[in-house]
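# Coordinates in review
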Amino acid sequence: MSDIPTDISHDQNAVRRQKLSDLRAAGFDPFRATCEQSAFSADAVKAYVDGQDYTVPISVAGRLITIRDMGKSQFVKILDQQGQLQLYLKKDLVGEEAYAAFKKLDLGDIIGATGTLFKTKTGEVTVRVDRYVLVSKALRPLPEKWHGLTDAEQVYRQRYLDLIVNAESRDRLIKRSKIVSGIRRFLEDRSFIEVETPVLQSVAGGAAAKPFTTHHNALGCDFFLRISLELYLKRMLVGGYDRVFEIGRNFRNEGLSRRHNPEFTMLEVYQAYSDHRGMMTLIKDMLTALCRDVLGTTRIKHAASGQEIEFGGDWREVKYKDLIVEATGDKDWFARSKAEKIAKVEAMGLAVNPAWEDFEITNEIFSKRIEPTLIQPTFVLNLPKELCPLAKISQDDPDTLDVFELTIGGMEIAPAYSEQNDPDVQRRMFEAQAGEEIQNVDQDFLTALEHGMPPAGGMGVGIDRLCILLTGAESIRDVILFPQLRPDAKA
């Protein structure tokens, strides 16, 4: 039985498959060929020495993306993970048979080539090819007009094509990788230890979110995909690890938006004998270092507002209550009745659910009217105690917590707490949050706290949102390689 599909939808597919059959009939299978690769494209360009044409040997590999046929010679460009590189092939150099075979190659084919470096009359560093090998035959053509596609989601469904033809996407996702590795280096240089905690958890704790549920056949019980890294990392503090962090995936069975994906990446970091003030220093130093090392500048342009965001200067500190009073124009806001608050919020053009608690009504003002205006780095301090059941109560205001939310570019980037380490207070706060769902309280975590957890500062950083901010992306989908999508009915 033939393994070639019968539903060929385009002549190019048929032509390419015929070329593959011809190669195999001649005794050559490109999918079993290998090649040397001594340098990537950008490294090859750096290896060139002025005035020493044809003396520096090089072996490169990549996908053919441009072919200029000049008869007895060809200038082509290949693409690898660093970018594009020009190759020069001449019949006299590679041999008549190899040159004839090369002329049968198609855009999208992947080759390896060995030769020497030289610079063209236009100043472009190029590889003069002595020999080449086809290592993978592309059986489908590359898209001709990627940005003209009518199905915008195809960018995400076929990310591999987006990476081939869209240099901006490729660069953005490389920056994401550098951001994550930069975070690791920054924390490891400060004696933080990276750990891994369970993705499958018996209690979905550490945040207020709807979890995904799965069944464990061997154990005969349901588990949740974690919604937070927090509670297991705090167990590490109990166990004597004073500085720990994890960069891992969380899963929340909730909505999608420009800033939300059901599967997302978080950094959580905990430092014993510190507090939320210590976390302020840590995050400021970390983001400033990332901007300097990854972007080469501490000043970036915020696409939505057009403002320049400066990471290298002073960062604003402001209390949550002060922002609410300023936004409502009511210094007595927090003494108002629920009915008065609802009337005011509706007058501001915001929708309110009458079943909401007072703090939820107030927080609607913050999330819809205040947060989007906080473009420069801003520490919003002393949030209402109902919002963060895992933090310590402020000593000077029992209605608020020793926490901050770092907001940049109009979105929350990093919340941080002075972590609650009193097991009795923590139990009461958990139970108040759980209400009738008392079975959702993580009893093992409370047992761990009863063995003693040192005072600590803890912080979470949304890696995806941070990458949106630092790369100028429009959506969380643009910084996640393969975001969640509804299954394609045409697939």
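See the structure shown above.
To keep things clear, this report deals only with the structure shown in the data block. As the structure is a prediction and not an experimental result, all values here were calculated from the model.

Moving on, we come to the sheet that holds strand β14 (residues 316-319). Strands belonging to one sheet form pairs held by backbone hydrogen bonds; the direction of such a pair is parallel or antiparallel. One open sheet holds the eight strands; their spatial order is β6-β10-β11-β20-β19-β18-β15-β14, and the pairing between them is mixed. The sheet is open, and its two edges are formed by β6 (193-194) and β14, each paired on a single side. Across four bridges, β14 lies against strand β15 (residues 378-381) in parallel orientation. Counted as the bridge partner of glutamate 317 is phenylalanine 379 from β15. Lying on the sheet, helix α10 (residues 320-328) is in contact with β14 and β15; it crosses β14 at an angle near 75°.

By the secondary structure assignment, alanine 25 is in helix α1 (residues 11-25). Given a relative accessible area of 70%, alanine 25 falls into the exposed group.

So, about a negative patch on the surface. Taken together, Glu357, Glu360, Glu386 and Asp399 make up a surface patch of like negative charges. Relative to the helices and strands, aspartate 399 resides in strand β17 (residues 397-401).

With that settled, consider the sheet that holds strand β4 (residues 110-119). Here five strands make up a closed barrel; going around it, the order is β1-β2-β3-β5-β4 and the pairing mixed. In this sheet, adjacent strand axes meet at a mean angle of 55° when their direction is disregarded. Sheet analysis places strand β3 (residues 83-90) next to strand β5 (residues 125-136), joined by three bridges and oriented parallel. Its bridge partner lying in β5, glutamine 86 is registered against threonine 126.

The next point concerns helix α11 (residues 338-347). Restricting attention to buried positions, one finds in α11 the residues Lys341, Ile342 and Val345. Down the axis of α11, the buried set is contained in an arc of 100°. They therefore lie on one face. Exposed residues pointing more than 90 degrees away from the buried face of α11 are listed as Ala339 and Ala347. Considering only its buried residues, α11 is in contact with α12 (358-370). One or two residues past the end of α11 sits glycine 349, with phi positive at roughly 85°.

Right, let's get into the pairing of β15. Burial of the side chains of β15 extends over both faces: Thr378 and Val380 are buried on one face and Phe379 and Leu381 on the other. Pairing analysis gives four bridges linking β15 to strand β18 (residues 403-408), with the strands arranged antiparallel. Its bridge partner being in β18, phenylalanine 379 is matched across the sheet by leucine 406.

For the pair α10 and α12, the least separation of the axes is 10 Å and the interaxial angle reads 75°. Between α10 and α12, the angle is such that the two are roughly perpendicular. For the pair α10 and α12, the contacting residues are Tyr320, Leu323, Ile324, Ala327 and Thr328 in the first and Thr362, Asn363, Ile365, Phe366 and Ile370 in the second. Residue composition of the contact of α10 with α12, grouped by class: seven nonpolar, three polar and no charged.

Conventions and cut-offs
- Residues numbered from 1 in each chain as written.
- Predicted model: local features only at pLDDT ≥ 70, side-chain atom pairs only at ≥ 80, totals over all residues.
- Heavy atoms only, no water.
- Pairing = 2+ DSSP bridges.
- Helix = DSSP H or I, 4+ residues; strand = E, 2+ residues; numbered from the N terminus.
- Contact = heavy atoms within 4.5 Å.
- Axes fitted to C-alpha atoms, helices over the stretch in contact; angles between N-to-C directions.
- Buried < 20%, exposed > 50% of the residue type's maximum accessible area, 1.4 Å probe, protein only.
- Patch = residues over 30% accessible without salt bridge, like charges linked within 9 Å, V, L, I, M, F, W, Y side chains within 5 Å.
- Areas by Shrake-Rupley, 256 points an atom, 1.4 Å probe, with all protein chains shown as cover.
- Salt bridge = Lys/Arg side-chain N within 4 Å of Asp/Glu carboxyl O.
- Lys, Arg positive; Asp, Glu negative; His and termini not counted.
- Charge placed at Lys NZ, Arg CZ, Asp CG, Glu CD.
- Arc of directions from axis to C-beta.
- Parallel < 35°, antiparallel > 145°, perpendicular 65-115°, else oblique.
- Nonpolar A, V, L, I, M, F, W, Y, C, P; charged D, E, K, R; others polar.

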